[in-house]
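# Notes for the structure review
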Amino acid sequence: MSDNHPDGDETNLSAAVIPNRIRLFEEIQAQQLEQLQSLSHDLIKITITVGDIKEVKEGKRWETTPMDIAVQISRGLANSALVSSVDHVLWDMIRPLEGDCSLEIFGFDSDQGRDTFWHSSAHILGQALEQEYGCKLCIGPCKTTDEGFYYDAFYHGDMGLNDDHFPHIEEGAAKSALEGQPFERILVTKDQALEIFSDNLFKLEIINDNLAEDETTTVYRCGPLVDLCRGPHIPNTSFVKAFKCLKASSAHWKGDKDRESLQRVYGISYPDNKQLKDYLKSIEEAKIYDHRLSGQQQELFFSHPLSPGNCIYLPHGTRVYNKLMEFFKKEYWKMGYTEVITPVIYTMDFWETSRHAEYYQKNMFKLDFQTPGSTVIHNYGIKHMNCQGHCLMFRHSVRSYNELPIKLADFGPLYQNEASEDLSGLTRVRQFQQDDAHIFCSETQVKEEVRGILDFVDYAYTKFGFTYELKLSTRPKKYLGDLEKWDKAEKDLEEALNDFGKTWVKNKGDGEFYGPKIDITVYDAMKRKFQCATIQLDIHLPDRFKLEYSAEDETEIESSVLIHSAVLGSVERLFAILLEQYKGKLPFWLSPRQAIVCSVSEDSRSYANKVRDQIHEAGYYVDADTTDRTVSEKVQEAQVAQYNYILAVGDEEARTGQVTVWLRDEMMSIETLLDEFKLKTANFL
C-alpha cells in the first residue's frame, strides 16, 4: 500500500463512528452481563498471597472480583491495586473470578503493575489522539523493554506531530484521568470485532491476521475509546495522576517501509507527580551516561553510515567485548556445553524446512546469485539464529539415549534486518553475537535442564548487579504442533519455575510459534528494565528435522526435546546496559583500562615503566604516563578516561618498591597491589 490510506475518510473521524462503536460495545456488554447473572454463583475458595502471608477467602463464582478481595484485606491494598494474577494469569481487578483459584495483587512497585499501568496509559494516550486529531489508531503497547508506552496512528494529509502538540494531548489525558473512566472488558467473536472496527483498516488487518473464524478476542473501553486489546488493565483512569508526552517520531505499519507511514507518540505516566519528576530527572542523568556517548569518549566503539546498524569496535571496546564472551564461554563449559561453529549462510530451502522463512523472512538478509557459467539463480538466507545449524549437528550422527543431554553453544555472529527507525546504538543492531545455546534431551530430562539454566541466569545476573523477573509465555493463537505436546511443554516449564522457587507470572498467549518460553526481564541499578535472557522449549524443530535417538531398549526410536536458551542475550546489548549501569566506569574485572602509572618526576620515569611492566606481565591492562606534565594534570586526564586504578610513583615509591593509589592516599607494595587485583578479578568486582 502507499502512504495514502485506501479508505479515503475525511481528516477527522465521522461524528457517527465513535458513538457507533460505543453502541455496539454496550449491546454486547449487556448481553454478557445478562448471561453472567444467569450462571450459578456458588461459593469458591480464593487463596490470596500478600507478601509472605497466604490467606483463604470465600467468594462467589462469576461475581466476586479481585478488587472485592483486596477491599476485604485492607483499604490501602485496594487503593494501590492495579492488576491481579489468577492462577498465574494476569487478570483485571474488576473482572469476576470463575472458580477456586490462587490470587496475587500487584501495585506499581511490581513489574506486572507497572506494565499494566503503562499499557492502560497507552489507551489514555490513544483516546486523546483520537479525540483531538481524528486519527486511525494502530497499536499502543507498553514498552516491554523500557519505561513508558507509545501509540502508533495514521493521520490524513501531511500532519506531523511535534512538541507543540504535546500540551493538547496531555490536556486530553488529564481530562480522561479526572473522569475516572473504568476499563470495561467484553469478549467478542471475529464477526463482532470486524463490525466494531469496520472504519479502521489497521484494526481489521490485525483481526483477520490473528483470529480464526471460530475464535474470540477481547475489546476494552475507557470513556469514548473502544479498542481491540488483550488486556488486562488498571481499574480506572483516575490511577494515572501524572502523564507526560516524551517525543514523537515516524514509523511504518508493521515495521514495513513499503506500508503506510504512521506517527508514533511516546509517553510516560505515574501514580503521582513526584515519581514523574524523579523520572524526568533520571532521563537527564541517563543522557549523560548514554552508552553511545561513553563509547565515543572512551574510544570503545563507533558506528558509521557506510555500515548502518552495525558497530565498529576499537581496541579498548574489543577488550571489553572479549571479556564478556570469555566469562560466558567459561560458565557454559562448566555446565557441560561444547562450543561449536556453524555456517553464516544457508539455502532458503533450509529456512523453509524450519518454517523460519515463513515467520521471519522480512527480518532476514537474503542473497540471490548465480554460479559462474550457470543461468540458475540460487537463493540464500544469512542466519539470524543458530538453532537450525545445531539441529544438523545432532542429526549428523546416529544418536543413543546414553548420549543425552547433548549441549551445544555457538557464539558466532548473527544478522537481523532491523528497520532503520528501530536501530539504537548497541541495543538494537543488525549484526550481533549471543550465547546461542541448545540442549537436546529426553522428556524426562527437561525439568532438570531448565532448572540448571535458571540457576545460571541467577548466578550471572547477580554478578552483574541485576535483579530480574520471570514470565512463562504460553501457546499463541498461531502455533505449530499438537496440543498434547504444547500442554506437556508448558507443564515442564511451570514445574521447573516452581522448583526454582522465585516468583513468576504467566504471560498467556505470548509464546513462540514453535513452543512456550520463559522470558527474563532484568533491572539495572537505575531500575530500567531490559529483555535479555530467554529459555524456550521447541516442539516443532525436532519433528521437522527428525531429531531422533534410540531408546534404552534399542528397539524404539524417540524424538528428542530441544531447549533453546540465551542468558546474556546479545553481547552488544549487555555491553550497553553495563556501560550505563556503571555510569561509564566499568568494574575492574571488566574494565578496558584497569590501571595507569603516573610518574611524579623525571627521575621516577624508569620506575613507572618498571611498575607498568610488572602489572602487564601479571595479566592486567596498564598504561604509563611518563610525560613532563604535572601529576595533577596526568591524574585528571586518567580520571576522565575512567581508569580504575591511578598509581602515582615518585622518588620514595621508587626507593621502597611501592606505589601510591591515588584518592586513597595509600602506599602499598606491588605484590599487595597485584593480590588486590587478583581478588577483584576472581570476585567480578
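Residues numbered from 1 in each chain as written. Predicted model: local features only at pLDDT ≥ 70, side-chain atom pairs only at ≥ 80, totals over all residues. Heavy atoms only, no water.

Test applied: UniProt positions are given in the numbering used here, feature names are shortened, and annotations may be inferred rather than shown by experiment.
The name an unreviewed UniProt entry gives the protein is threonine--tRNA ligase, with Arabidopsis suecica as the organism. According to the UniProt record, the Subunit (unreviewed entry) comment for the protein reads "Homodimer." According to the UniProt record, the Catalytic activity (unreviewed entry) comment for the protein reads "tRNA(Thr) + L-threonine + ATP = L-threonyl-tRNA(Thr) + AMP + diphosphate + H(+)".

### A word on the environment of Val17
This is how the line gets drawn: Under the scheme used here, helices are H or I runs from DSSP no shorter than 4 residues and strands are E runs no shorter than 2 residues, and both carry numbers assigned from the N terminus.
By secondary structure assignment, the location of Val17 is in helix H1 (residues 17–38). For the pair Val17 and Leu187, spaced 170 residues apart in sequence, the C-alpha separation works out to 20 Å.

### A word on the pairing of strand E25 (residues 517–523)
Inclusion rule: Here the term buried applies to any residue with accessible area under 20% of the maximum for its type, exposed to any over 50%, and partly exposed to those in between, with areas from a 1.4 Å probe on protein chains only. Paired strands, in this sense, are two strands between which DSSP finds at least two bridges.
Among the seven residues of E25, seven are classified as buried, and the element is accordingly described as predominantly covered. In E25, alternate side chains face the same way, and those of Lys517, Asp519, Thr521 and Tyr523 on one face and Ile518, Ile520 and Val522 on the other are all buried. With six bridges joining them, E25 and strand E26 (residues 529–538) adopt antiparallel strand pairing. Note on E26: the bridge partner recorded for Asp519 is Thr534.

### Quick look at the packing of helix H10 (residues 315–334) against helix H14 (residues 446–463)
This is how the line gets drawn: Every angle, taken between N-to-C directions, lies between 0 and 180 degrees, and every axis is a line fitted to C-alpha atoms, over only the stretch in contact when it is a helix. Angles are sorted into four bins: roughly parallel if under 35 degrees, roughly antiparallel if over 145, roughly perpendicular if 65 to 115, and oblique for all others. Here a crossing is taken to be left-handed if its near helix is turned anticlockwise relative to the far helix by less than a right angle, and right-handed if that turn runs clockwise. In what follows, a contact means two residues having at least one pair of non-hydrogen atoms within 4.5 Å.
Direction vectors running N to C along H10 and H14 enclose 150 degrees, while the axes themselves pass 12 Å from each other. Compared by their axis directions, H10 and H14 come out roughly antiparallel. For the pair H10 and H14, the sense of crossing is right-handed. Taken together, the residues of H14 that come into contact with H10 (itself represented by Phe327, Phe328, Glu331 and Tyr332) are Phe456, Tyr459, Ala460 and Lys463.

### Focus on the packing of aromatic side chains
How we decide: Ring geometry is summarised as follows: Phe, Tyr and Trp rings, the Trp one being its six-membered ring, pair when their centres sit within 6.5 Å, and such pairs are stacked at plane angles under 30 degrees, edge-to-face over 60 and tilted between the two.
For the coordinates displayed, the defined rule picks out 42 aromatic pairs. A centroid spacing of 5.6 Å and a plane angle of 55 degrees characterise the contact between Tyr150 and Tyr266, whose relative ring orientation is tilted. In this pair, Tyr150 sits in strand E7 (residues 149–154) while Tyr266 sits in strand E12 (residues 261–270), placing the two residues 116 residues apart along the sequence. Each ring, one from Phe394 and one from Phe440, has its centre 4.7 Å from the other, and the planes form 20 degrees; the classification is stacked.

### Structural notes on the pattern of salt bridges
We count it as follows: The salt bridge criterion pairs a side-chain nitrogen of Lys or Arg with a carboxyl oxygen of Asp or Glu, the two atoms within 4 Å.
Taken as a whole, this structure holds 43 salt bridges when the rule is applied. Across the salt bridge formed by Lys502 and Asp458, the nearest N and O atoms sit 3.9 Å from each other. Note that Lys502 is positioned in the loop between helix H15 (483–500) and strand E24 (504–507) and Asp458 in helix H14, a separation of 44 residues in sequence. Exposure remark for Lys502: the relative accessible area of 37% places this residue in the partly exposed category. Judged by its relative accessible area of 25%, Asp458 falls in the partly exposed class. The shortest N-O distance in the salt bridge between Glu637 and Arg629 comes to 3.0 Å. On the accessibility criterion, Arg629 (28% relative accessible area) is partly exposed. Bridged by salt links that share partners, the residues Glu205, Asp209, Lys254, Arg259 and Glu260 form one connected network.

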